[in-house]
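Below are the chains, spelled out letter by letter.
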Amino acid sequence: RIIEHKHFTKAVAAKTIVSREYPLSWQEGIEPFYPINDAANAAVYAKYEEAANERPDVIFGGRLGTYRYLDMDKVIEQALNAAADELRV
């Protein structure tokens, strides 16, 4: 994933900062990254989801709450939908 940061703030600038992120499997001694969307991590998430269902007082969402890599537009959409659902009570 490539991020050009000025687009998040709508900044107008002659220069910009670009970040590049690459998914990696976790290894001892390296910075942990987001989980790779594969069958093994889907199985891990299923266990988290089962435990999360026992906590109706907590809203789980985003990259950490769903244990998968998501683009930020999807994370924001999830958050807005979760807030709308919660406020409809």
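Here is a short report on the structure shown in this document. (Residues numbered from 1 in each chain as written. Predicted model: local features only at pLDDT ≥ 70, side-chain atom pairs only at ≥ 80, totals over all residues. Heavy atoms only, no water.)

### Describing the overall build of the chain
Okay, so step 1: A count of helical and extended segments in the chain gives four helices and two strands.
Okay, so step 2: Mapped from its N terminus to its C terminus, the chain presents α and β elements in the order β-α-β-α-α-α.
Okay, so step 3: Here the chain has a C-alpha radius of gyration of 17 Å; the compact-globule value for 89 residues is 12 Å, and the former is much larger.
Okay, so step 4: Counting only C-alpha atoms and orienting by the principal axes, one finds that the chain spans roughly 50 × 40 × 20 Å.
Okay, so step 5: For the chain, the proportion of its 89 residues judged to be buried stands at 10%.
Okay, so step 6: Considering only residue pairs separated by 6 or more positions, the chain has 22% of its internal contacts joining residues 24 or more positions apart.
Okay, so step 7: Summing over all exposed atoms, the chain offers an accessible surface of approximately 7600 Å²; the carbon and sulfur share of this is 59%. (Helix = DSSP H or I, 4+ residues; strand = E, 2+ residues; numbered from the N terminus. Rg over C-alpha atoms; globule rule 2.2 N^0.38 Å. Buried < 20%, exposed > 50% of the residue type's maximum accessible area, 1.4 Å probe, protein only. Contact = heavy atoms within 4.5 Å. Areas by Shrake-Rupley, 256 points an atom, 1.4 Å probe, with all protein chains shown as cover.)

### Points about the layout of surface pockets
Okay, so step 1: Its boundaries defined by the atoms lining it, the largest pocket holds a volume of some 360 Å³.
Okay, so step 2: Forming the walls of the largest pocket are 20 residues, and the residues nearest its centre are Ile59, Phe60, Gly61, Gly65 and Thr66.
Okay, so step 3: When contributions to the lining of the largest pocket are tallied by element, the ones reaching two or more residues are α2 (39–52), α3 (62–65) and α4 (72–87).
Okay, so step 4: Ranked by residues supplied to the lining of the largest pocket, first place goes to α4 with five residues.
Okay, so step 5: Looking at side-chain class alone, the lining of the largest pocket contains eleven nonpolar, seven polar and two charged residues. (1 Å grid on protein atoms, 1.4 Å probe; cavity = no way out; pocket = protein on both sides within 12 Å on 5 of 7 lines; lining within 4 Å. Points joined across faces, edges and corners; volume = space filled by probe spheres on them. Nonpolar A, V, L, I, M, F, W, Y, C, P; charged D, E, K, R; others polar.)

### A few points about the pattern of salt bridges
Okay, so step 1: This structure, assessed with the given rule, holds two salt bridges.
Okay, so step 2: The partner of arginine 55 in a salt bridge is aspartate 57, with the nearest N and O atoms 2.8 Å apart.
Okay, so step 3: Among the residues examined, aspartate 57 registers a relative accessible area of 57% and is labelled exposed.
Okay, so step 4: Its salt-bridge partner being aspartate 85, residue arginine 88 comes within 3.6 Å of it at the nearest N-O pair.
Okay, so step 5: In this structure aspartate 85 comes out as partly exposed when scored by relative accessible area, which is 49%. (Salt bridge = Lys/Arg side-chain N within 4 Å of Asp/Glu carboxyl O.)

### A word on the packing of aromatic side chains
In this description, a pair of aromatic rings is defined by centroid distance and the angle of the planes.
Okay, so step 1: Inspection of every chain in the model, using the stated rule, returns one aromatic pair.
Okay, so step 2: A centroid spacing of 5.2 Å and a plane angle of 55 degrees characterise the contact between tyrosine 48 and tyrosine 67, whose relative ring orientation is tilted. In this pair, tyrosine 48 is assigned in helix α2 and tyrosine 67 in the loop between α3 and α4, connecting sequence segments 19 residues apart.
Okay, so step 3: Classification of tyrosine 48 by relative accessible area gives partly exposed; the value is 48%.
Okay, so step 4: We classify tyrosine 67 as partly exposed; its relative accessible area is 24%. (Phe/Tyr/Trp six-rings, centres within 6.5 Å; stacked < 30°, edge-to-face > 60°.)

### What to know about the environment of isoleucine 3
Okay, so step 1: Within the fold, isoleucine 3 resides in strand β1 (residues 2–4).
Okay, so step 2: When the C-alpha positions of isoleucine 3 and glutamate 21 are compared, they lie 8.3 Å apart, and in sequence the two are 18 residues distant.
Okay, so step 3: Residue contacts for isoleucine 3: discarding those within four places in its chain leaves Phe8, Ile17, Val18, Ser19 and Glu21.

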